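Okay, here's what each chain looks like letter by letter:
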Amino acid sequence: MAAAVTEFVAIARVAKPHGLRGEVVADVLTDFPERFEGLVDVTAIGPDGSRRNLKIERARFQKARVILQFAGIGSFEEADLLRNFDICIPEGEAVELEEDEFFDWELEGCRVVTIDGKELGKVTGVLRTGGTEVLVVAGAEKELLIPFAESICVEVDIDNGRISVDPPEGLLDF
């Protein structure tokens, strides 16, 4: 019997070791940082795809980052081995969003087409500007920045990986 494949959601990325006792400083990648309270079991996924199951012993915030202490990681050198690892949870444990809200990872990879069927490209990222989020779309001719506003992104179909846009005049001018 084949093992079930679990998809993961990154909630933090280890930036560097912190101190000499094995703590790490991590950039928070979730809109729900409170999820670190009481969180124990996580999977660390390295840039090369390697995985390590870890247990969080302690989490505390310092400015916009989280400082994590993992069980069994007790030195600067051991912590440094986790540099650039994503700290992940199973997709099934992700926070439930409202019907018209989406995780960045759900939008990334979606095809973007105009309402009249012109293919614009694929979403490669989401920029947070402090206001309306902006979709970064890798197009055939150049990268496009499309505001993720209801008036422009008129249909988001995550199941089929498609976002239909009704761009205002001038938005797509090269």
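Attention in this report is confined to the structure presented alongside it. The structure presented is a predicted model; accordingly, all values stated were derived computationally and were not measured. (Residues numbered from 1 in each chain as written. Predicted model: local features only at pLDDT ≥ 70, side-chain atom pairs only at ≥ 80, totals over all residues. Heavy atoms only, no water.)

Section: the nonpolar core
- F36, L39, V42, L68, F70, L82 and I87 are the most contacted members of the largest nonpolar core, which has 23 residues in total.
- Secondary structure elements with two or more residues in this core: β1 (8-18), β2 (23-28), β3 (41-45), β4 (51-62), β5 (65-70) and β6 (86-90).
- Sorting elements by how many residues they give to this core places β1 first, with 4 residues.
- Contact partners of L82, with chain neighbours within four places excluded, come to V14, R52, L54, F70 and I73. (Core = buried A, V, L, I, M, F, W, Y, C linked by side-chain atoms within 4.5 Å. Buried < 20%, exposed > 50% of the residue type's maximum accessible area, 1.4 Å probe, protein only. Helix = DSSP H or I, 4+ residues; strand = E, 2+ residues; numbered from the N terminus. Contact = heavy atoms within 4.5 Å.)

Observations regarding the packing of aromatic side chains
- Inspection of every chain in the model, using the stated rule, returns 1 aromatic pair.
- Relative to F61, the ring of F36 has its centre 6.0 Å away and its plane inclined at 75 degrees; by these criteria the two rings are edge-to-face. Taken together, the residues span a long stretch of sequence, with F36 in the loop between β2 and β3 and F61 in strand β4 at a distance of 25 residues.
- Look at F61 and you get partly exposed, because its relative accessible area is 41%. (Phe/Tyr/Trp six-rings, centres within 6.5 Å; stacked < 30°, edge-to-face > 60°.)

Observations regarding the sheet that holds β2
- The 6 strands are arranged β1-β2-β5-β4-β3-β6 in a closed barrel whose pairing can be described as antiparallel. Taken over all neighbouring pairs, the strand axes of this sheet differ in orientation by 45 degrees on average, direction set aside.
- Pairing geometry for β2 and β5, over 4 bridges, is antiparallel. Considered in β5, the bridge of V25 is made with I67. (Pairing = 2+ DSSP bridges. Axes fitted to C-alpha atoms, helices over the stretch in contact; angles between N-to-C directions.)

Read these as layout, nothing more, since geometry by itself doesn't imply function.
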